[in-house]
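An overview of the molecular structure
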Amino acid sequence: MIIIACLLPPMTAFVLYGMDRVEDWQTRAPQPPHRARHRHLRLIQGGGQESVRRPQADQERSDAA
């Protein structure tokens, strides 16, 4: 019984400290990502120009993926 009485306060302090750290970690506001850019990524070369041909209404369209 004396062993339990001696170990209980340090174990309780450890658990409370751990719970405090976890709570601080969970309630922290997310940080902005590193190297955040304010422009959009263009995957197609020359994607900023409207040179893409769209099929006319009378042309056949292919549903192939």
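Summary of the structure given here. As the structure is a computational prediction, the values presented were derived from the model and not from experiment.

**Description of the overall build of the protein**
Of the regular secondary structure elements, the protein holds one helix and zero strands. Total accessible area on the protein is roughly 7700 Å²; 58% of this is exposed by carbon and sulfur atoms.

**Observations concerning helix α1 (residues 2-27)**
An α-helical turn contains 3.6 residues, so a residue and the one three or four places further along point in the same direction. With 26 residues, α1 extends 38 Å between its outermost C-alpha atoms, agreeing within 8% with the 38 Å of an ideal straight helix rising 1.5 Å per residue. Of all the bends in α1, the greatest, near 30 degrees, is centred on L8, and the proline P9 appears no more than four residues after it. For α1, the buried fraction is low: zero of the 26 residues fall into the buried class.

**Remarks on a nonpolar patch on the surface**
Together, F14, V15, L16 and M19 line one region of the surface with nonpolar side chains, adding up to about 450 Å² of accessible area. Topologically, F14 is positioned in helix α1.

About the criteria used
- Residues numbered from 1 in each chain as written.
- Predicted model: local features only at pLDDT ≥ 70, side-chain atom pairs only at ≥ 80, totals over all residues.
- Heavy atoms only, no water.
- Helix = DSSP H or I, 4+ residues; strand = E, 2+ residues; numbered from the N terminus.
- Areas by Shrake-Rupley, 256 points an atom, 1.4 Å probe, with all protein chains shown as cover.
- Expected span 1.5 Å × (residues − 1).
- Bend = angle between axes of the 7 residues up to and from the residue.
- Buried < 20%, exposed > 50% of the residue type's maximum accessible area, 1.4 Å probe, protein only.
- Patch = residues over 30% accessible without salt bridge, like charges linked within 9 Å, V, L, I, M, F, W, Y side chains within 5 Å.
- Salt bridge = Lys/Arg side-chain N within 4 Å of Asp/Glu carboxyl O.

Take it as geometry only, folks, not as evidence of what the structure does.
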